[in-house]
Amino acid sequence: MIILAVESSCDETSVAVVRDGREVLSNVINSQIEIHKVYGGVVPEIASRRHIEVIDAVAQEAMKNAGIEQNELDAVAVTYAPGLIGALLVGTSWAKGFAYAANLPLVPVHHIKAHICANFIQNPLLTPPFVCLVASGGHSHIVLVRDYTEFEVLARTRDDAAGEAFDKIARILGLGYPGGPLVDRLAKEGNPDAVQFPRVRFPDGCLDFSFSGVKTAVMNYTHNLEQRGESWDRADVAASFQKAVVDVLCSHTLEAAKRMGITKIALAGGVACNSALRAQMKAQAEELGYTLDYPAPVLCTDNAAMVGCAGYYEFLKGTRADLHLNARASMELV
Ligand code: KG4
Ligand code: ZN
């Protein structure tokens, strides 16, 4: 079963060809990072326009790289929610047009589910159930993956997403956009115990996240020192901030797994690229005798291969969209 998959929810235009859900024949990603960098973040209208400019060429390249002709395709899968509405509309409209012209079934895919499914591509032997931490620029969820298309949200962020916090701290530190990889790199030169930034835990055993406090704490720390004419160490602040976020992500995820009686953990989303998160989660999971999966970086950040994988399992379940399919800026996971 060969699926043409489309992703355009933020600032990556991506088209992939995926066989039987887990074999990636091609995964072309056209990133707009260079375009948005000068603004310090994604400008939605510019993102939409760029998607329109490149999506045809990206799709052509994906088919060519896969060595697949249009008549060999069995279905089209597309991210239709959640994300930037104008950006989502481009991929959704393109996929509807292509599916109609090629007379192929159209499968709508939820972006967060696609992020989780990147793990099925990375590890062909991975099977549900497992507990997945999804941490990206727009989302921070702990999800119980009951089955390939069955998900339960165990915890979510009450304010900022983890990736958003990384991007904001990067701005305070005078690094570029996107901030996550730059904070990650700078943190390697700093002392993670130099500053104690807060680790938020809600009462009554709730495992939800809150990252706006740690962001404010970093701002207050640097401003206070500057007002007193004292200097602060950028690498130490980067490392200490990262440690505060990673501590919370790890402890909440492992606690969620423990409560569910599940010993399989996975990571997903752009923040799953973070070297400290991977290392700490690996060490703590090993200590508990849990297994840990995470996708290669190219499958953590936005890409269409993960959409092809999620689309395959949705297709098997019978999920279909007609030409009335609309993009949605927000949508719950279940
Ligand atoms: O999943 P993704 O590509 O897009 C969304 O769906 O949001 O995630 C992008 C986010 C950005 O906030 C970026 O700063 C963060 O993932 N990120 C990282 C790292 N690489 C990307 N955060 C921390 N450490 C990294 N190495
Ligand atoms: Zn994403």
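Anything mentioned here points back to the structure above.
Residues numbered from 1 in each chain as written. Chains lettered and ligands numbered in written order. Predicted model: local features only at pLDDT ≥ 70, side-chain atom pairs only at ≥ 80, totals over all residues. Heavy atoms only, no water.

A. Spotlight on the coordination of the zinc ion (ligand 2). Coordination of the zinc ion (ligand 2) by the protein comes from His111 (NE2), His115 (NE2) and Asp302 (OD), over a distance range of 2.0 to 2.1 Å. Coordination at the zinc ion (ligand 2) is tetrahedral, judged from the four donor atoms that bind it and the angles of 95 to 134° they form at the metal. Sequence spacing of the donors to the zinc ion (ligand 2): H-x3-H-x186-D. With histidine 111 in helix α4 (residues 111-122) and aspartate 302 in the loop between α10 (297-300) and α11 (305-317), this pair connects stretches of sequence that are 191 residues apart. Accessibility classification places histidine 111 together with aspartate 302 in one group, the buried group. (Donors = N, O, S within 2.8 Å, 3.2 Å for Na, K, Ca; no water. Tetrahedral: all angles 85-135°; square planar, octahedral: opposite > 155°, others 65-115°. Helix = DSSP H or I, 4+ residues; strand = E, 2+ residues; numbered from the N terminus. Buried < 20%, exposed > 50% of the residue type's maximum accessible area, 1.4 Å probe, protein only.)

B. Highlighting helix α6 (residues 179-187). What α6 keeps buried is the set Gly179, Gly180, Val183, Asp184, Leu186 and Ala187. Residues of α6 that are buried make contact with α5 (162-172), α8 (234-260) and α9 (275-288). (Contact = heavy atoms within 4.5 Å.)

C. Focus on the site of ligand 1. Every one of the 21 residues lining ligand 1 counts as a neighbour, but Gly137, Asp167, Gly180, Asp184 and Asn274 are closest to it. Here histidine 111 contributes a side-chain N or O atom positioned 3.2 Å from an oxygen atom of ligand 1. Within the contact set of ligand 1, a nitrogen atom lies 2.9 Å away from a side-chain nitrogen or oxygen of aspartate 184. Within the complex, 90% of the 560 Å² of free accessible area of ligand 1 lies under protein. For the shell around ligand 1, the secondary structure elements donating two or more residues are α4, α5 and α6. (Near = heavy atom within 4 Å. Polar contact = N/O pair within 3.5 Å; in protein donor to acceptor, adjacent residues only side chain to side chain. Areas by Shrake-Rupley, 256 points an atom, 1.4 Å probe, with all protein chains shown as cover.)

D. Spatial organisation of the packing of aromatic side chains. Summed over all chains, the structure comprises nine aromatic pairs. A centroid spacing of 5.1 Å and a plane angle of 75° characterise the contact between phenylalanine 166 and phenylalanine 241, whose relative ring orientation is edge-to-face. Of this pair, phenylalanine 166 sits in helix α5 while phenylalanine 241 sits in helix α8, and the two are 75 residues apart along the sequence. Its relative accessible area of 0% is what places phenylalanine 241 among the buried residues. Look at phenylalanine 209 and phenylalanine 211: their rings are 5.6 Å apart centre to centre, the planes differ by 20°, and that puts the pair in the stacked class. Each member of the pair, phenylalanine 209 together with phenylalanine 211, is buried. Each member of the aromatic cluster is reached from another via a ring pair, and the members are Phe120, Phe130, Tyr148, Tyr312 and Tyr313. In this structure, arginine 158 packs its charged tip against the face of phenylalanine 202, placed 4.0 Å from the ring centre. (Phe/Tyr/Trp six-rings, centres within 6.5 Å; stacked < 30°, edge-to-face > 60°. Lys NZ or Arg CZ within 6 Å of the ring centre and 35° of its normal.)

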